[in-house]
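Per-entry structural report
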Amino acid sequence: DAGVTQSPTHLIKTRGQQVTLRCSPKSGHDTVSWYQQALGQGPQFIFQYYEEEERQRGNFPDRFSGHQFPNYSSELNVNALLLGDSALYLCASSTTGYGANVLTFGAGSRLTVL
Amino acid sequence: QQQVKQSPQSLIVQKGGIPIINCAYENTAFDYFPWYQQFPGKGPALLIAIRPDVSEKKEGRFTISFNKSAKQFSLHIMDSQPGDSATYFCAAKGDVSGNYGGSQGNLIFGKGTKLSVKP
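Residues numbered from 1 in each chain as written. Chains lettered and ligands numbered in written order. Predicted model: local features only at pLDDT ≥ 70, side-chain atom pairs only at ≥ 80, totals over all residues. Heavy atoms only, no water.

**Points about the pattern of salt bridges**
Residues and elements named next belong to chain A. Scanning all chains against the criterion turns up 8 salt bridges over all chains. With a closest N to O distance of 3.9 Å, Arg55 and Glu53 form a salt bridge. For Arg55, a relative accessible area of 24% corresponds to the partly exposed category. (Salt bridge = Lys/Arg side-chain N within 4 Å of Asp/Glu carboxyl O. Buried < 20%, exposed > 50% of the residue type's maximum accessible area, 1.4 Å probe, protein only.)

**Notes on the layout of surface pockets**
One water molecule sets the probe size; rolling that probe over the atoms shows where empty space is left. Size it by volume and the largest pocket reaches roughly 660 Å³. What lines the largest pocket is a set of 29 residues, among which Gln37(A), Gly40(A), Gln38(B), Thr87(B) and Phe89(B) lie closest to the centre. Only strand S9 (86–94) and strand S11 (113–118) of chain B provide two or more residues apiece to the lining of the largest pocket. Among the elements that take part in the lining of the largest pocket, S11(B) stands out by supplying 4 residues, more than any other. Grouping the amino acids of the lining of the largest pocket by side-chain chemistry returns 9 nonpolar, 16 polar and 4 charged. (1 Å grid on protein atoms, 1.4 Å probe; cavity = no way out; pocket = protein on both sides within 12 Å on 5 of 7 lines; lining within 4 Å. Points joined across faces, edges and corners; volume = space filled by probe spheres on them. Helix = DSSP H or I, 4+ residues; strand = E, 2+ residues; numbered from the N terminus. Nonpolar A, V, L, I, M, F, W, Y, C, P; charged D, E, K, R; others polar.)

**What about the packing of aromatic side chains?**
Residue and element names in this part refer to chain A. Following the criterion strictly, the structure yields 18 aromatic pairs over all chains and no others. Arranged with centres 5.1 Å apart and planes meeting at 70°, the rings of Phe60 and Phe64 form a pair that is edge-to-face. An identical accessibility class is assigned to Phe60 and Phe64; each is buried. (Phe/Tyr/Trp six-rings, centres within 6.5 Å; stacked < 30°, edge-to-face > 60°.)

Take a look at the structure:
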């Protein structure tokens, strides 16, 4: 049973560019959350998608946007990249109801902004 | 504003020792407290979790102790092994009211503790 898969695993961009990261949730999960993990820090919540809508959002600027597709997969888009956007971007999936608290994380997409 | 404070930042113990990692939180609305383990190149994986109506929870060699009045909780790893060497994160989650589905509330993580268990 595949867990959460993310792509790409690594990517390098330059300031001002745009990036799209992709996530396929664990089988049976319908909710996707995105987290940013800077080097040496804990993950920080970006936003959560459920039923193809953004349900919650953390303290991130509008440059960060997302999408959830009917098959529950999700994308994270970051526009006008800044050096400070360099981080590991983690996707986590979960279910609703019982077990909703249990997040399953992917291995992440490592973004480097030069 | 850091809502979950974790200490120490790093920890080195000998095999068989009992490392203890501590966390403190501020928001009394938090009602779910998990610990995650992260190995290099991997995403965090849920280790053990507790709710505030319980003072202690054990799963195998891992124990969470919870002090609601002090707003603190800690992770103890019994008989630690070199394979336990990883970064450990505490987290907290609030009970967000709402009529929608999804995982209500989001996890707020501590900054992590890098544990090294020497053979």
